[in-house]
Amino acid sequence: MKPLMLQGHERAITQIKYNRDGDLLFSSAKDNAPNVWFSLNGERLGSYLGHQGVVWCLDVNWETTRFLTGAGDNSMRLWDVSNGKEIGKVTTGSSVRTCAFSYSANTAVMSTDKQMKFNCEIYIIDVRNADASLEHQDPIMRIPVDGPKVTSILWGPLDETVISGHENGKITMWDLKMGKEVHSVMDHSGSINDLQFSKDGTQFISASKDCTAKLFDTDTLELLKTYKTERPVNSAALSPIMDHVVLGGGQEAMEVTTTSTRVGKFDARFFHLVFEEEFGRVKGHFGPINSLAFHPDGKSYASGGEDGFTRVHTFDPSYYEYQFDF
Amino acid sequence: MAKKKDAEKATPNDENSKQDKSEMAEDEEPNFSDPEDYVDNISDEELLGDILKTRPQETDGVESVIVVDGIPQITADRFDKLRNVVSKIFSKVGEIVNECYPKTPEGSTKGYVFIEYANAAHAAEAVTLLNNHKLDRQHTFTVNLFTDFKKYEDIPDEWEPPAPQPYTDMGNLHYFLLEPDSYDQFSTVCNRGSTVQIWLNSVPEPSKLVEKERWTETFVKWSPLGTYFTTIHGAGVALWGGPDFARKMRFAHQGVQFIDFSPSEKYVVTYSPTFEGQGEPKNLIIWDIRTGQEKRSFYLNSQMMWPFIRWSHDDKYFARSDEDMLSVYETPSFGLLNKKSFKIPGIRDFSWSPVDNILAYWMAEDKDVPARVTLIEIPSRNEIRSKNLFNVADCRMHWQKSGDYLCVKVDRYSKIRKDKNEIKYSGMYFNFEIFHMQEKQIPVDSVEVKESIHAFAWEPVGSKFAIIHGDQPNICVSFYGVKTGQTPALLKKLEKKCCNHLFWSPTGQYIVLADLRSSSGVLEFVDTNDFNVMTQQEHFQASDVEWDPTGRYVVTVCSFWKAKVDTGYSVWSFQGKILRRFNSGAFCQLLWRPRPPSLLSVKEQKEIRKNLKKYSAQFESKDRMRSSRASKELVEKRRKLFEEFNSYREKCREKWLEQKPRRLQLRNNVDTDEIENDTKNVDEEVIEFFIKEEITIID
C-alpha cells in the first residue's frame, strides 16, 4: 500500500514512537517542535512548543496522558498529551540525550551528554505528581557515568533496573535499588544508537554503528542473535506479531552528500528474527533512517529519516503469507 | 726450556746486585742501569700487553691497498708523467696515502702499481669504479684489492665437482587440475590487505581452502600457468604451491616491488626500484624457479613500461630495450644472442608473438624518416615484414592470443605543433594495422577510425576484435571480423553504450562491456554470435572484472583500493545472471587461479563440443543433487535454530506470566499485556480519511 508521508518537520527526525494503543504517533526532530500524528491517516494532531534546541528523544506514558522530551537546550520537559501544555521541566548542565518513562510511569529516566565540564549522568525522576515545581525538586537518584556516554536507554521490565547503551558499544544494566552497575556486556564495537523491547519485554534489540543489530535477553544481557548489514544501523524494531525484525540506517549524514541515494542504502531492511536472514527491503527515504517503530498491532510500521520525513507503511496481505521453509 | 735456564741464572745475580747496591748507596748516586749480564725475565707482553695490542702490524692497512694492473710500461724519463696521470685518476675516489711503482733495474715500470688509500672503503670503491677503466686503446686497468690476492692464490688447481643437492619432492604442483568437478580456485585479499584467502569455487557455495593473516606485504600473484601462488615481502618474493600451499621457493630481493614470470614458468623476474647493499648494483634479477638460483641481474634505468624484460613464449629468449637499442638474450646461458644488441634508432616499444619466436617493434618518426613497424624472426634476426607509417604520434601493439594476428593501433595526427619542449598533436585519428601472421608474406590491412578510441580487445579464440570509440555521450562499441585475404569487416556497431572497458571470455564469443570506476558500474553481457545484448546489470563502483579461466563465470569486484564503501565481489554467469554477492569491509582483490592450456588436441575438443548435450545432462543432474542437498541442509539448520529459540522463548514466557501480578500492580490493575485486554478504557474517535481528490472545473 502507498505509505503515508508525514511532513511536518523542517529537519532530520531523531525519534518516533507509537503510544500503547497505536492510534497516535509521536515524532521529534532536530527542529525544536515535537509533533503528534494520527497513525491511521497521517493527520497532524498538534505540536509541543517550548524547546529551543534539537529534540533528541521522546517517550509517552502507557496511559497516553503525558509526553516526555529531552533536548539540546539542556532541558527535559514533561507535557500534557491532550493540550500540548508544558507541565514541568528539568534543566541540566548539558544536552539531554535519552529519556524514558518507567513501566508504571511513576518515574522517568534521562541521561545527559558529556559536554564541556559536565559529565554524562543518569537521572531518575519522580513524575507522579509533577507540576511546575519539578524544576526545583531533586531527582530520586543521580548516577554519574564514567567513560563513554549513554546513547540510548531502556527501563527494565518491573521498574527495578535501567539498561543503557553506550558510545563504545557497551550495554550496561543498572540496579536502581543500589544505584550501581550490576552487569555489562561488550558485544558491539560501535555506538549503540537504539534499544527497543520485544512485545513482552523479555528480549530487546540493539542497533549499532558497527553495522549490526543484536538481540539480547533482558535479564542476563546474553547475546541471542545478530543481524548484519553493510551500513551503520540507527534503529531496529521487533514485530509484535511475527518473527520479524526491521533495521534502518544508512551511510552517515556526513558522507551522504558525496553519493547518490542509491548508494546510501537507506532502505528499511526486514530480517527473520531466528534465522538472521534478510527477506525484504522497503525503499523510500532519501537519507538515512534514524528511527523505526512497529505499530503495536504489528500491521504497519513507521520510519523517520534524516530527510525529515516520517513514513507510515501498512503491510500488504502478501507480507503475512510469506513463509520461510523449515 | 730456555726461559727456565734464564730464571736459574738470574737468581744468583739478583743477590749479587743487592749486595752491590747496599754497598754503593752510602757514597754515590745509585746506578739504575742494568748490569751487563742482566737478563730481563719479564716479557713485554706481561708488562704492557694492552699497549702492545695496538702496536702497528705489518699487515695493517692492507685492506686499503689496491693493485692496479695494466698500466703502461714506460722508461724512467716518462715516469713522472705516468705518475701524474695515474694518481689523478685514482685520487678521484679518495686521498692516496702511498703509492709504489715497482721498477726494473733499468728504471722502467713493470706495468703495475700499488696504491694505498686512507681507508678500506675508498679502496673498495676504487675497485668497483675503476676496474676495467680504459686508459687508452692498449691499456685497461685491472684493479683488485691487495687482500684479494690471497683469495685468488687459494683457488685449488683441481676442480672439485659440487656435491649433488639431495632431491626434494615438491609434491604434485598440478593437483588443482585433478579436482573431480573441475572447480576453479581463486584468491582473495581482504581486510585492507592483511588477510589472504584461497577459495574453491564449488557449487552452490564456494569453500575456503586456506586463510592466512599477513601472508603478503603488498600484493599477490598467480604464476601464468597457475602452478605457484606468489606473495611479496620486504625482503623478497615467496612462491607457494601444492595442496597445502606450502612454501616451495623464495627469492631474496630487498624492497622488491614488481615481479613477472616467464610464460612457461621457468624463470621469475623481480624488480626493486631501490638498490641497497654492496657489490655490483642491480635492481632487476632473473631467477630460476626450480633451483632458486639467481641467473642474471641488471641495473636498469628504463623508461619502458613494466615488464622491462619480455619473454618469448617458450622461455628461450628474452629481450629488453634501451635507448636506440634492443638486446635479445638466450636461455639457459643468459648471454646476449650473437653477443651483440640490435641498434635500432628511435625504438619505442616491442613485443613478442605469443606463439612464435617473432618479435615486433616500432620506431618513432625522425625528421624525414617515417615511423616503422618491423617484425623480426629470432634467432635468425631476419626481418620478415615491415611497414612504414606516417604522421604517427603513438603506436600500441596487440597480439591475438593464438598469434594469428597482430594489430597495431596507430595514433595519427594531422597537425603538429612544437611548444618549447612539448610536442602537441591535433586532429587525431586512428588506424588499426592488422598483420595476418598465418599468410604468406604477412599482408597488412588497415582500418581507420576518426573518433577517439577508448579500448581495444581481440577475441582470444577466433578472429574478431572489439573497440570502444566515440565521444560522450555517444560512445559506440564496434566489432570487426578478420578474414583471410580480405580487409576487416565491420560486423556490428552498438551505439550509445555506457562503457569504457572490454572483457572477452577466455573461450571467445562472449564479451562483457563494463563501465568501471565510474558512478554507474554498468555491465552488459553480449553474445557476439548474433550481437545480442543478453543482459544489462550493474555493480555499483565496480573496479575490476575477472573471467574465470574456463569462461563459465565472471566476477566483478569493488575494491577497497578504489572505493571506500560496499567493497566486495559479485559472481555472474557468462550470460549475466547474478549468482552470488559477497560484501566485506575493506575487500581488496580477487584473482582466479589460471589453468595451463588444454592437453587435448583440437580434434578431441571438437568431439567434446559435439557431444556437449550428452555431458551437460550429467552435470546438470549433479548440480541439481548438490543444490537440493544444500537446501535440505539449510532447512534442517533453520529447523534446529527455530526449535532452540522456541524453547528459550517458552521459558521467557513462563517467567513473564509469573510476573503478571506485579505488572498489574504497577499499572493500577489495568491489564495492558495485549491491546485488546483493556476494554474498559476505550474511547471512540472519528477520523477523517482523505480518500480521493477530484477537481471539477466550473465554466
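The name given to chain B in an unreviewed UniProt entry is Eukaryotic translation initiation factor 3 subunit B, with Frankliniella occidentalis as the source organism. Recorded in UniProt for chain B, the comment headed Sequence similarities (unreviewed entry) runs: "Belongs to the eIF-3 subunit B family."

Taking an unreviewed UniProt entry as the reference, chain A is identified by name as Eukaryotic translation initiation factor 3 subunit I belonging to Frankliniella occidentalis. In its Subunit (unreviewed entry) section, UniProt records this for chain A: "Component of the eukaryotic translation initiation factor 3 (eIF-3) complex."

Residues and elements named next belong to chain B. Residues L284, I286, L326, V328, L359, Y361 and I378 are the most contacted members of the largest nonpolar core, which totals 29 residues. When residues of this core are traced back to their parent elements, those giving at least two are β13 (267-271), β14 (284-288), β17 (317-322), β18 (325-330), β20 (347-352) and β21 (358-363). For I378, the contacting residues outside a window of four places in its chain are Y317, V328, L337, F342, W352, N357 and L359. With 22 residues, the next largest nonpolar core counts I74, Y101, V113 and A123 among its residues.

To continue, consider empty space enclosed by the protein. A complete count under the given rule lists 2 cavities of 30 Å³ or more for this structure. In this model, the largest cavity occupies a volume close to 80 Å³. Lining the largest cavity are T229(A), R231(A), P232(A), V233(A), L247(A), G248(A), G249(A), G250(A), K265(A), D267(A) and R269(A). The element that contributes the greatest number of residues to the lining of the largest cavity is strand β23 (residues 244-249) of chain A, accounting for 3 residues. Classifying every residue of the lining of the largest cavity gives 3 nonpolar, 4 polar and 4 charged. Taken as a whole, the second largest cavity encloses approximately 30 Å³ of empty space. In terms of lining, the second largest cavity is formed by F176(B), L177(B), Y183(B), D184(B), Q185(B), R593(B) and R595(B).

Residue and element names in this part refer to chain B. Here the residue pair T331 and P332 is connected by a cis peptide bond, since its omega of 0° sits within 30 degrees of zero. In this fold, P332 is placed in the loop between β18 and β19 (342-343). For the bond from I378 to P379, the omega torsion is 5°, close enough to zero to count as cis. Examined against the element boundaries, P379 turns out to sit in the loop between β22 (371-377) and β23 (383-389). Here D324, not a glycine, exhibits a phi torsion of approximately 55°, which is positive. Looking at where D324 falls in the secondary structure, it is placed in the loop between β17 and β18. Within the chain, N669 stands out as a residue other than glycine whose phi angle is a positive 60°. Tracing the backbone through its elements, the reader meets N669 in the segment after α8 (660-666).

Feature annotation in UniProt assigns "repeat: WD" (unreviewed entry) to the following positions: residues 6-37, 48-89, 150-184, 185-226 and 282-312 of chain A. End C-alpha atoms of residues 6-37 of chain A are separated by 8 Å, and the span's content is 0% helix alongside 53% strand.

With that out of the way, let us pick up the pairing of strand β7 (residues 66-71) of chain A. Residues and elements named next belong to chain A. The element β7 is extensively covered by neighbouring structure, given that 6 of its 6 residues are classed as buried. Residues R66, L68 and G70 of β7 are buried on one face, and the alternating residues F67, T69 and A71, pointing to the opposite face, are buried as well. Bridge count between strand β6 (residues 55-60) and β7: 5 bridges; the pairing is antiparallel. Within β7, the residue paired with L58 across the bridge is T69. Between β6 and β7, which pair antiparallel and follow one another directly, the connecting turn spans 5 residues, one of which, T64, has a positive phi of 55°. Bridging between β7 and strand β8 (residues 75-80) involves 6 bridges; their strand directions are antiparallel. Each bridged residue has a counterpart across the sheet, and for F67 the counterpart in β8 is W79. Here β7 folds back onto β8, and the loop between the two strands holds 3 residues, one of which, N74, carries a positive phi near 60°.

Here we come to the pairing of strand β28 (residues 309-314) of chain A. Consecutive side chains of a regular strand alternate in pointing toward one face of the sheet and then the other. Residue and element names in this part refer to chain A. Most of β28 is tucked away, with 5 of its 6 residues classed as buried. Here strand β27 (residues 300-305) runs beside β28; their pairing, made up of 5 bridges, is antiparallel. Looking at the pairing, Y301 lines up with H313 of β28. The antiparallel hairpin formed by β27 and β28 contains 3 residues in its connecting segment, where G308 sits at a positive phi of about 90°.

Below, the discussion takes up the sheet that holds β23(A). All names here are of chain A. The antiparallel open sheet is built from 4 strands, whose spatial order is β22-β23-β24-β25. If you trace the sheet from one side to the other, it starts and ends with β22 (233-238) and β25 (278-282), each paired once. Pairs of neighbouring strands in the sheet enclose a mean axial angle of 25°, with direction left out of account. Bridge analysis of β22 against β23 gives 5 bridges, and the strand direction is antiparallel. By the bridge assignment for β23, A236 is matched with L247.

A separate point is the interface of chain B and chain A. Much of the literature gives interface size as the accessible area that the parts lose upon coming together. Residue-level contacts link 34 residues of chain B with 38 residues of chain A. When the two sides are added together, the surface that chain B and chain A hide from each other amounts to roughly 3600 Å², 59% of it contributed by carbon and sulfur. When the area that chain B buries against chain A is broken down by residue, the three leading residues are R638(B), L666(B) and R667(B), summing to 19%. In this assembly, chain B and chain A are joined by 4 salt bridges. Here R662(B) ties to E160(A) by a salt bridge, and the two come within 2.4 Å at their closest N and O atoms. The tally of links between chain B and chain A comes to 8 residue pairs in polar contact (both at pLDDT 80 or more). Top contributing element to the side of chain B that touches chain A by residue count: helix α7 (residues 612-658) of chain B, with 12 residues. Split into classes, the residues belonging to the side of chain B that touches chain A amount to 15 nonpolar, 5 polar and 14 charged.

Calculation criteria
- Residue indices follow the written sequence of each chain, beginning from 1 at its first position.
- All chains are assigned letters beginning with A, and all ligands numbers beginning with 1, in the order in which they are written.
- In keeping with the predicted nature of the model, local features appear solely for residues at pLDDT of at least 70, side-chain atom pairs appear and are counted solely at 80 or more, and the whole-chain, interface and lining totals rest on all residues.
- Values reported for side chains reflect all heavy atoms of the structure, with hydrogen atoms and water molecules removed beforehand.
- UniProt positions are given in the numbering used here, feature names are shortened, and annotations may be inferred rather than shown by experiment.
- Here the nonpolar core consists of buried residues drawn from Ala, Val, Leu, Ile, Met, Phe, Trp, Tyr and Cys, with membership extended through side-chain atoms lying within 4.5 Å.
- Relative accessibility decides the category of a residue: with a 1.4 Å probe and only protein chains considered, values under 20% of the type maximum give buried, values over 50% give exposed, and everything between is partly exposed.
- Helix numbering and strand numbering both begin at the N terminus, where a helix is a DSSP run of H or I of at least 4 residues and a strand a DSSP run of E of at least 2.
- The contact criterion used throughout is that any non-hydrogen atoms of two residues lie within 4.5 Å.
- Residues are said to line a cavity or pocket when one of their atoms sits within 4 Å of a point; the points come from a 1 Å grid over protein atoms alone, cavities being sets where a 1.4 Å probe fits but cannot get out and pockets being open sets with protein on both sides within 12 Å along at least five of seven lines.
- Grid points are joined across faces, edges and corners, and a volume is the space filled by probe spheres set on the points.
- For this scheme, ten residues count as nonpolar: Ala, Val, Leu, Ile, Met, Phe, Trp, Tyr, Cys and Pro. Four count as charged, namely Asp, Glu, Lys and Arg, and the remainder, Gly too, count as polar.
- At least two bridges found by DSSP between two strands are what make those strands a pair.
- Between N-to-C directions, angles cover 0 to 180 degrees, with each direction set by a line fitted to C-alpha atoms, over the stretch in contact for helices.
- A 1.4 Å probe defines the accessible area here, and the buried area is the portion of it lost by two parts on being joined, summed over both.
- The salt bridge criterion pairs a side-chain nitrogen of Lys or Arg with a carboxyl oxygen of Asp or Glu, the two atoms within 4 Å.
- N or O atoms closer than or at 3.5 Å make up a polar contact, with two conditions inside protein: a donor-capable atom paired with an acceptor-capable one, and, for residues adjacent in sequence, both atoms drawn from side chains.

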